[in-house]
Amino acid sequence: MFGEQFYPTPPRLAMRQILSIDWKDVNFVIDGQAGKGDLLDAVRFYRSYSFSDCLESPRSLEFDWDKFDEMVQSGEYAKAVDHESNRRGRDITLAAMEIDTNLQAVLRAKQYKVLGADFLTYDAPDQPDVFLMNPPFANGELFLLNAIDRLFSGQISCQLNAQTIKNPNTNARRELLKKLEQLDAKIEFIEDAYLDAERKTGVEIALIYINKQQSVEESIFEQTTDKANDGQYSGGFEEKASQDLVHGDRIRAIVQRYNHQREQGVNTIMSFYKQSAEVRGFLSLRVSEAEFNQGTLTQIVKASTNAFLRQLRHKTWMDMMDDPALTKFLTSAAKKRYRKELLSYSDMDVTERNIRAFVVSISQAYPEELKKTILDLFDSLTSRHAWYPETANNVHYFNGWASNKAHKINHRVVMPHFNLFDNYSGKISHYMPCGLTERLDDIEKVISYFDGGRVATTKLSDAIFSAMKNGQSRAIESDYFIASFFKKGTLHLTFRNRDVLRRFNIFCGAAKSWIPPNYGKKSYAEMSPEEHQVVQAFEGKEDYKVDPMVDPITPHSHQVEQSGHGEPGQTLQLEMFACEGFQQ
């Protein structure tokens, strides 16, 4: 299902890897090829209170494998892994690398931090205390070599195909053997480890443990430069970000800026500790709100660097939700949903590949998101408010395709505005409630879907607020509406463009099966007698026409002549959330 080289680590083998680690000062663990997280699951079990049930006695450190096997078979192992309240000891960051996007989703669902996709190309300076690995049997030596090179100081537990060690017939395998000897690695060969696994194989396993210890004082400072700019950063990305965001180099600009900030931050941290070696008792370095001054200098530098990288990644990813190229068609509710989705990506390194993977992920769901947004607005505008009886006139009822309770929105709708008048003086307020501004902007965005995605030149919320400052409460004009608000707490919106309103009603009516699915898409002559009856009830034969803009869901599905806006003959094309520049 997940590829030819996908062999999930069985619990017993995973536990052997976990027990090989000295967990005393471990705070950060990365699984370099996590699959669905079996090795990280074993870490959670080790840190659960249930782990003590697998010891031969309460005071014993001997692990009882028979008890462990019983817990796996009974499901107690899985329960111990899943229950957050079952954790013991301090928090440990459990992170993963995984190239398969479906498995990434599994890892995120388990609340593991996904840092990236391809471990072999991952070059971020994260410094874990432990690398856990079950890389592909076919080229596992490349993964282990990368882990050894990337790890400054810490432990590695990795399983490989035993032939990688026993048959060093490639340069990479020979290089690995040389490094394993230099690092005094421990190697244990295990037969039949996968015979009872989720995916069975008779391959012999080489279980490798490495304890690579270096100190900051001896190594990092000798290589650190105080130079913050290596000439690769040309500046100007902030200005570029505020200009045309749909150019093909948009992603590259984001990544280049992130890489520059990352390098500046890491060099600053290293420079600080290098220069302050003799005055550590008087000075400390703060990363966001955290200070790191406990433990050895190596532990402090690693903790500071990792904290900085987490903060920088989070900010870079979340800033994308403020990018107009991605959000100009999103309502406030859709932004919240996508911000939550983006939050799950914020642990990943900022690379072109990862950004495009995110955009593809959400763009696949965008048609349904768009449909939901449109129908939510329709339902809210057609809802009655008991304390505002005039809202009953928001809708026009007609005999529908499959229901005699069908309705559409009239050209004027009434909605509550709450407090556009001062409660004490009775005069027009000078403040627009934040919730109302958001609500009006959402209405306008949805309506613009049916006008080729045109961005309003005069926003409804801006027009109303400007009128309020001038003491005006009637006949306030924006691109799509004429608005009036009243002391009794209602806001009246009259649609200025009847074609846009018609498209909105047709789309929602078709989505609710009140009108035929091809309504507005085929000629009256092509319709059946039953469909003619719906046309007569909905608008009448005289007003019926074919309009390709009744469905804004399909990206780039149509082009329409712009009428009444901009230059004559100019065309508009509805852009979708997965805009150009983020998919090239």
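Reference entry: report on the structure contained in this document.

Conventions adopted
Residues numbered from 1 in each chain as written. Predicted model: local features only at pLDDT ≥ 70, side-chain atom pairs only at ≥ 80, totals over all residues. Heavy atoms only, no water. Pairing = 2+ DSSP bridges. Helix = DSSP H or I, 4+ residues; strand = E, 2+ residues; numbered from the N terminus. Contact = heavy atoms within 4.5 Å. Axes fitted to C-alpha atoms, helices over the stretch in contact; angles between N-to-C directions. Parallel < 35°, antiparallel > 145°, perpendicular 65-115°, else oblique. Nonpolar A, V, L, I, M, F, W, Y, C, P; charged D, E, K, R; others polar. Core = buried A, V, L, I, M, F, W, Y, C linked by side-chain atoms within 4.5 Å. Buried < 20%, exposed > 50% of the residue type's maximum accessible area, 1.4 Å probe, protein only.

1. Digging into the sheet that holds strand β12 (residues 412–416)
Move 1: Spatial ordering of the open sheet is given by β12-β15-β14-β13, a layout of four strands whose pairing is antiparallel. Whereas interior strands pair on both sides, the edge strands pair on one side only; in this sheet they are β12 and β13 (476–477).
Move 2: Bridging between β12 and strand β15 (residues 490–495) involves five bridges; their strand directions are antiparallel. Bridging across to β15, V414 finds its partner in H492.
Move 3: Sitting on the sheet, helix α17 (residues 460–469) touches β13, β14 (481–485) and β15, and the angle it makes with β14 is about 40 degrees.

2. Considerations on the environment of E368
Move 1: With respect to the helices and strands, the residue E368 is situated in helix α15 (residues 352–381).
Move 2: Placed 185 residues apart in sequence, E368 and I553 show a C-alpha to C-alpha distance of 8.3 Å.

3. What about the packing of helix α16 (residues 434–449) against α17?
Move 1: One can describe the packing of α16 onto α17 by two numbers: an axis separation of 8 Å at closest approach and a directional angle of 135 degrees. As judged from the angle between their axes, α16 and α17 are oblique. Along the contact surface, α16 presents T437, L440, D441 and E444, while α17 presents L460, S461 and I464.
Move 2: Looking at side-chain class alone, the contact of α16 with α17 contains three nonpolar, two polar and two charged residues.

4. A closer look at the nonpolar core
Move 1: Counting 117 residues, the largest nonpolar core has F45, I464 and F504 as the members making the most contacts within it.
Move 2: Looking at this core element by element, the count peaks at 11 residues for α15.
Move 3: The contacts of I464, once residues within four sequence positions are left out, are L420, M432, L440, I476, A483, F485 and L491.

5. Observations regarding the sheet that holds strand β1 (residues 28–31)
Move 1: A sheet is described by the order of its strands in space; here seven strands give the open sequence β3-β2-β1-β4-β5-β7-β6, paired in mixed fashion. What marks the edges here is a single partner per strand, and that holds for β3 (113–116) and β6 (186–190). For this sheet, the mean inter-axis angle between neighbouring strands, taken without regard to orientation, is 20 degrees.
Move 2: In this structure, strand β4 (residues 130–133) lies alongside strand β5 (residues 154–161), joined through four bridges in parallel fashion. Opposite V130, over in β5, you have Q155 as the bridge partner.
Move 3: Along the sheet, helix α2 (residues 38–46) contacts β1, β2 (93–97) and β4; its crossing angle with β2, the most-contacted strand, is approximately 170 degrees.

6. Notes on the environment of T164
Move 1: Here T164 is to be found in helix α7 (residues 162–166).
Move 2: Look at T164 and you get buried, because its relative accessible area is 0%.
Move 3: Residues T164 and R174, 10 residues apart in the sequence, show an inter-C-alpha distance of 9.2 Å.
Move 4: Not counting residues up to four positions away in its chain, the partners in contact with T164 are F137, E141, R173 and L176.

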